[in-house]
Amino acid sequence: MYQSGDSMLKMNDILDEKDKRLREKSEEVTFPLKEEYKKVIKDMIEFLTNSQIEELAEKYDLRPGMGLAAVQLGIKKRFFVIVHEYDDGKFDNYVIFNPKLVSNSEEMIYVGEGEGCLSINRKTCGIVPRYARVTVEGYDENGTPIRIRAREELAIAFQHELDHLDGILFIDKIDPKNPFKNKELYREI
Ligand code: ZN
């Protein structure tokens, strides 16, 4: 299991889909936040940022990813980190505890090239319908309530990570018999 320490987070610290722990429902976080989690979050941000910078991803052998839920490191707690490249080489970090989806658009979208997950180490194909815009409420590291509005790929990342907290993986949302079912109902991004 992942132990936060001096060394960087590596690909093999992330649980693979075969690991049953990914199927469990994570538990609410209590405040004040454990120091241990603060360190884990720093590691997660560093990992996700490096993974999206080509030279560093290559150097450290990282698959690119924009989000990680604590449970993917074997920590069954309701929090996740998203590192969003909103412009070339510019990143925004989102860290949220006990998050809840409070509102969503009617419009639905999907990632044309297929959604990905750092816990899923194989090729997948199919459509994962997601809301185009969402509002998520939760808490920051200090236990202060926060509200985040997200759209497009960032909105998808939030929905993907929220699912992890309930033991759901994106592949669960693809119909294996008809992976592109109802494609015309959603907008491709
Ligand atoms: Zn994932």
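The structure this text deals with has already been given above.
Residues numbered from 1 in each chain as written. Predicted model: local features only at pLDDT ≥ 70, side-chain atom pairs only at ≥ 80, totals over all residues. Heavy atoms only, no water.

Caption draft 1: View of the side chain of arginine 78. Within the element layout of this structure, arginine 78 appears in the loop between β1 (67-69) and β2 (79-87). Since its relative accessible area comes to 10%, arginine 78 is described here as buried. Separated by 3.0 Å, the side chain of arginine 78 and the backbone oxygen of serine 26 make a polar contact. A polar contact is formed between the side chain of arginine 78 and the backbone oxygen of leucine 165, at a distance of 3.1 Å. Among all residues touching arginine 78, those that are not within four sequence positions of it are Lys25, Ser26, Glu27, Glu28, Val29, Ile96, Phe97, Asn98, Pro99, Leu165 and Asp166. (Helix = DSSP H or I, 4+ residues; strand = E, 2+ residues; numbered from the N terminus. Buried < 20%, exposed > 50% of the residue type's maximum accessible area, 1.4 Å probe, protein only. Polar contact = N/O pair within 3.5 Å; in protein donor to acceptor, adjacent residues only side chain to side chain. Contact = heavy atoms within 4.5 Å.)

Caption draft 2: Inspection of the environment of glycine 65 at higher detail. Relative to the elements of secondary structure, glycine 65 occurs in the loop between α2 (54-60) and β1. Through-space distance from the C-alpha of glycine 65 to that of glutamate 107 is 25 Å; in sequence the pair is 42 residues apart. In contact with glycine 65, not counting residues within four places along its chain, are Leu48, Ser51, Gln52 and Leu118.

Caption draft 3: Quick peek at the coordination of the zinc ion. For the zinc ion, every protein donor is listed as Cys117 (SG), His160 (NE2) and His164 (NE2), and the spread of their distances is 2.1 to 2.3 Å. Sequence spacing of the donors to the zinc ion: C-x42-H-x3-H. Here histidine 160 and its partner histidine 164 are both found in helix α3 (residues 152-165), four residues apart, which amounts to about one turn of the helix. (Donors = N, O, S within 2.8 Å, 3.2 Å for Na, K, Ca; no water.)

Caption draft 4: Looking closely at the sheet that holds strand β6 (residues 133-139). Strand order across the open sheet formed by five strands is β1-β2-β3-β6-β7, with antiparallel pairing between neighbours. Since the sheet does not close on itself, it has two edges, and those belong to β1 and β7 (145-151), each with one partner. On average, adjacent strands in this sheet sit at an angle of 40° to one another, irrespective of strand direction. The pairing of strand β3 (residues 90-104) with β6 spans five bridges and is antiparallel. Note that in β6 the partner of serine 103 across the bridge is threonine 135. Packed onto the sheet, helix α1 (residues 35-51) meets β1, β2 and β3 and runs at close to 30° relative to β2. α3 contacts β1, β2, β3, β6 and β7 of the sheet and is inclined by roughly 165° relative to β2. (Pairing = 2+ DSSP bridges. Axes fitted to C-alpha atoms, helices over the stretch in contact; angles between N-to-C directions.)

Caption draft 5: Highlighting the pairing of β7. Pairing of β6 with β7 involves seven bridges; the strand directions are antiparallel. Across the sheet, valine 136 pairs through a bridge with isoleucine 148, a residue of β7. Here β6 folds back onto β7 in antiparallel fashion, the turn holding five residues, of which glycine 143 has a positive phi close to 85°.

Caption draft 6: Fine view of the sheet that holds strand β4 (residues 108-110). A sheet is described by the order of its strands in space; here three strands give the open sequence β5-β4-β8, paired in mixed fashion. Looking at which strands have only one partner, the edges of the open sheet turn out to be β5 (130-131) and β8 (187-188). Relative to β8, β4 is paired through two bridges, and the arrangement is parallel. Considered in β8, the bridge of isoleucine 109 is made with arginine 187.

Caption draft 7: Up close: unusual backbone geometry. Each neighbour pair has its own omega, and for phenylalanine 31 with proline 32 the value is -5°, a cis peptide bond. Locating proline 32 in the fold gives a position in the segment before α1. The backbone of aspartate 61 sits at a positive phi, close to 60°, despite the residue not being glycine. Along the polypeptide, aspartate 61 turns up in the loop between α2 and β1. We note that asparagine 182 has phi near 60°; this positive angle belongs to a residue other than glycine. With a relative accessible area of 32%, asparagine 182 lands in the partly exposed category.

Caption draft 8: Up close: the environment of serine 105. Within the element layout of this structure, serine 105 appears in the loop between β3 and β4. Note: C-alpha distance between serine 105 and valine 71 (34 residues apart in sequence) is 27 Å. Apart from residues lying up to four places away in sequence, serine 105 is in contact with Tyr131, Ala132 and Arg133. There is a polar contact of 2.9 Å between the side chain of serine 105 and the backbone oxygen of glutamate 107.

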